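These are the residues of each chain, in order.
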Amino acid sequence: MRRVGVIGVGHGRFGLRDDASLQELAFEVYREAVADAAIDPQEIGATWIGSVPEYHKQRSVAGVIQEYLGLDPRPTWLTEAACASGSAALHTAWTAVASGMQDVVLVMGCQKMTELETAAILGLMGRVGDVQWESVFGSTFPGYYALFARQHMDRHGTTRDHLSAVAMKNHDYGALNPKAMFRKTIDRQKVENSKLVADPLRVFDCCANADGAACLILAAEGRAREISDRVVWLDGLGVATAPMSVLRREDLCTLPSAVEAARQAYAMAGIEPSQVRVADVHDCFTIAEILAVEDLGFCDRGQGGPFIAAGETRIGGRIAVNVDGGLKAKGHPIGATGVSMAVEIVRQLRGECEDRQVSGADVGLTHNVGGIGQYCFVNVFRRE
Amino acid sequence: MFESFGLVSFTSHTKVGDVFVAGLVEGRLLASRCASCGEQSFPPRADCVVCRSGDLEWVEISGRGRVSSFTTIRAAPVGLEEWVPYSLVLVDLEEGGRALALAGAGLDVGELSLGTSVRLNPCRSEVNDELRVYYEVEADS
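Residues numbered from 1 in each chain as written. Chains lettered and ligands numbered in written order. Predicted model: local features only at pLDDT ≥ 70, side-chain atom pairs only at ≥ 80, totals over all residues. Heavy atoms only, no water.

Draft legend 1. View of the overall build of chain A. Counting its regular elements, chain A contains 13 helices and twelve strands. Against the 2.2 N^0.38 benchmark of 21 Å for 384 residues, chain A shows a C-alpha radius of gyration of 19 Å, consistent with a compact globule. C-alpha atoms of chain A, sized along the principal axes, occupy 55 × 45 × 40 Å. Looking at the 384 residues of chain A, the share that counts as buried comes to 66%. Residue pairs at least 24 apart in sequence account for 77% of intrachain contacts in chain A once pairs closer than 6 positions are excluded. (Helix = DSSP H or I, 4+ residues; strand = E, 2+ residues; numbered from the N terminus. Rg over C-alpha atoms; globule rule 2.2 N^0.38 Å. Buried < 20%, exposed > 50% of the residue type's maximum accessible area, 1.4 Å probe, protein only. Contact = heavy atoms within 4.5 Å.)

Have a look at this one:
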């Protein structure tokens, strides 16, 4: 298989985007990525779009976006893997380029989550779990992660302070990211006085729904080197599934899909976790970042809370994690998130992140979870 | 018949619905067992995940188990607003399988810890002549 590199990136402003339609959000980042790659868009052979369709009033959005981008008659597909839909698009696009089927492709992650009425959104939120055996009792997204948190606290001694440390860190970096939804630092009191959503998780343990888009242009190695002298290579990919139902999970202190996806990605890239300098991980809730740093092998099992609270995941620590603000402060437009993570890591490896740049970053990683772990994608990026 | 299971319903048809709901109406908790290889499942499933057989038997289980985790939901989805706050308990069942269920009136969630022995109790109620069947978690006396 051919080596595949990222030659162009685009990232829109995340948050309430009632100024733009879905395809307009997509165009913002498409324009930026094409300019960044400095290519003729006629070279783009196909488009993969990561987006979760049930949030949109427009049906079959891939075709509508392709049309608005002016890329007809080239093919497009929608990939759906809940909150990991963007990474599903990237993974699928990678297979097309690596296999030789395509030379240059577009990966688009985009989502409008504020288009539906509140009642419709709350209705969707009531069906995040297994609707046959779990949603019928009123299970919610924060509710599931609360079950994870309770077990982690009980078994590993994770504390309220550890959860708060995740939220504070990610807001500190979100404040430095011009594309983030929340650009304000928060203190411990702010987190701990916020309303309980599902004990022990509070409002400030949760990420926010957002609108937004992000975009990548991939190319096969030969063409990538002709086009760009700052290619970031996608050298390790891992993807795995785990039961959607919490009734069929052996252990709630880990996402088994993340462990398996990480194992694949590290093996393919030929690296150890300790070689990763910067990572974007799926902090849909504060406890999720604690699970992520453990599942990815950045620290010992059970030590995620103290590891983060000690500053080891800040810039200057052992590994910089979510220094773009994470889902927590950047916002979580679910279809865009996986692509947004990849854009951030590419920019870190190119050294373009200014006051939140991780110095000397040469290996970066993304960890993107769908649902409560039924899907997980881990990717390793490298610059030469 | 399965639309009567739970507090709200999203799944009206399932191969395991009629027998399971009839069991709850009679106050019995039923697990499925593969007639071919013996794999037991709670909640029940129509198709054996081990040997792929579609022949299933039903076995009654005691509902005894231990708390695996729990939470109290304070932001409810549509249709459950009047229940807030409600507590959900994840129970590892003694006879295999797991259930997510509401904490019953007799269970003090404030005193709950992981590993506590509990029991899953079948429940039924008639709301506006409409049958609802479900199960709740109670202290194991």
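On we go.
Draft legend 2. Main features of the packing of helix α6 (residues 160-174) of chain A against helix α10 (residues 286-295) of chain A. All names here are of chain A. Between α6 and α10, whose axes approach to 8 Å, the crossing angle comes to 95 degrees. With respect to α10, the axis of α6 lies roughly perpendicular. In this structure, α6 uses His162, Leu163, Val166, Ala167, Lys169 and Asn170 to contact α10, whose residues at the interface are Thr286, Ile287, Glu289 and Ile290. Grouping the constituent residues of the contact of α6 with α10 by class yields five nonpolar, three polar and two charged. (Axes fitted to C-alpha atoms, helices over the stretch in contact; angles between N-to-C directions. Parallel < 35°, antiparallel > 145°, perpendicular 65-115°, else oblique. Nonpolar A, V, L, I, M, F, W, Y, C, P; charged D, E, K, R; others polar.)

Draft legend 3. How the structure looks around the sheet that holds strand β12 (residues 375-383) of chain A. All names here are of chain A. Pairing in this open sheet of ten strands is mixed, and the strands run β3-β2-β4-β7-β1-β8-β12-β11-β9-β10 from one edge to the other. This sheet does not close on itself; its edge strands, each paired only once, are β3 (76-79) and β10 (320-321). Inspection of the sheet shows strand β1 (residues 4-11) paired to strand β8 (residues 232-241) by two bridges, in the antiparallel sense. By the bridge assignment for β8, glycine 5 is matched with tryptophan 233. With respect to the sheet, helix α9 (residues 256-269) is in contact with β8, β11 (363-370) and β12, its orientation differing from that of β8 by roughly 150 degrees. (Pairing = 2+ DSSP bridges.)

Draft legend 4. The packing of helix α1 (residues 22-37) of chain A against helix α2 (residues 61-69) of chain A, seen in detail. Residues and elements named next belong to chain A. It is the contact of α1 with α2, at a shortest axis distance of 9 Å, that shows an interaxial angle of 50 degrees. Our classification of the angle between α1 and α2 gives oblique. Crossing handedness for the pair α1 and α2: right-handed. Taking contact as the criterion, the partners of Leu22, Gln23, Glu24, Ala26, Phe27 and Tyr30 in α1 are, on α2, Val61, Val64, Ile65, Tyr68 and Leu69. Here the residues of the contact of α1 with α2 are counted per class, giving nine nonpolar, one polar and one charged. (Left-handed = near helix turned anticlockwise from the far one by under 90°.)

Draft legend 5. Representation of the interface of chain B and chain A. Chain B puts 37 residues into the contact, and the matching count from chain A is 31 residues. Carbon and sulfur atoms make up 65% of the area that chain B and chain A hide from each other, which totals about 2,900 Å². For the chain B face of the interface with chain A, the top three residues by lost area are Phe10(B), Arg98(B) and Leu100(B), together amounting to 22%. For the pair chain B and chain A, the interface holds one salt bridge. A salt bridge links Arg74(B) to Asp199(A), with the nearest nitrogen and oxygen atoms 3.0 Å apart. Put simply, chain B and chain A have 15 residue pairs in polar contact (both at pLDDT 80 or more) between them. Breaking the side of chain B that touches chain A down by element, the ones donating at least two residues are β4 (64-73), β5 (86-93), β6 (98-103) and β8 (130-139) of chain B. Grouping the constituent residues of the side of chain B that touches chain A by class yields 25 nonpolar, nine polar and three charged. (Buried area = accessible area lost by both parts, 1.4 Å probe. Salt bridge = Lys/Arg side-chain N within 4 Å of Asp/Glu carboxyl O. Polar contact = N/O pair within 3.5 Å; in protein donor to acceptor, adjacent residues only side chain to side chain.)

Draft legend 6. Just the pairing of β11(A), in detail. Residues and elements named next belong to chain A. With respect to burial, β11 is a largely interior element, eight of its eight residues being buried. Residues Val363, Leu365, His367 and Val369 point to one face of β11 and Gly364, Thr366, Asn368 and Gly370 to the other, with burial holding for every one of them. Of the pairings in the sheet, the one linking strand β9 (residues 278-280) to β11 comprises three bridges and is parallel in character. Opposite valine 278, over in β11, you have glycine 364 as the bridge partner. Across eight bridges, β11 lies against β12 in antiparallel orientation. Bridging from a neighbouring strand, threonine 366 pairs with asparagine 379 of β12.

Draft legend 7. Structural context of the packing of aromatic side chains. All names here are of chain B. If you walk through the whole model with that rule in mind, you get 17 aromatic pairs over all chains. Ring geometry for phenylalanine 20 and phenylalanine 42: centres 6.0 Å apart, planes at 50 degrees, overall tilted. With phenylalanine 20 in helix α1 (residues 17-25) and phenylalanine 42 in the loop between β2 (40-41) and β3 (56-61), this pair connects stretches of sequence that are 22 residues apart. Residue classification places phenylalanine 20 among the buried residues on the basis of a relative accessible area of 1%. (Phe/Tyr/Trp six-rings, centres within 6.5 Å; stacked < 30°, edge-to-face > 60°.)

Draft legend 8. Examining unusual backbone geometry more closely. The amide bond that connects Asp72(A) to the next residue, Pro73(A), takes the cis arrangement and shows omega of 10 degrees. Structurally, the position occupied by Pro73(A) is in the loop between α2 and β3. Cis geometry is adopted by the peptide bond preceding Pro85(B), which originates at Val84(B) and carries an omega value of -10 degrees. Residue position: Pro85(B) is located in the loop between β4 and β5.

Draft legend 9. Representation of the nonpolar core in the model. In terms of nonpolar packing, the biggest core is built from 107 residues, with Tyr145(A), Phe298(A), Phe5(B), Phe42(B) and Tyr135(B) touching the most fellow members. At seven residues, helix α5 (residues 141-156) of chain A tops the list of elements feeding residues into this core. In this structure Phe298(A) touches Tyr266(A), Pro273(A), Val276(A), Ala279(A), Val293(A), Phe307(A), Ile319(A), Val321(A) and Leu365(A), once residues within four positions along its chain are discounted. Formed by 34 residues, the second largest nonpolar core is a distinct cluster that contains Ala93(A), Ala96(A), Ala98(A) and Val358(A). (Core = buried A, V, L, I, M, F, W, Y, C linked by side-chain atoms within 4.5 Å.)

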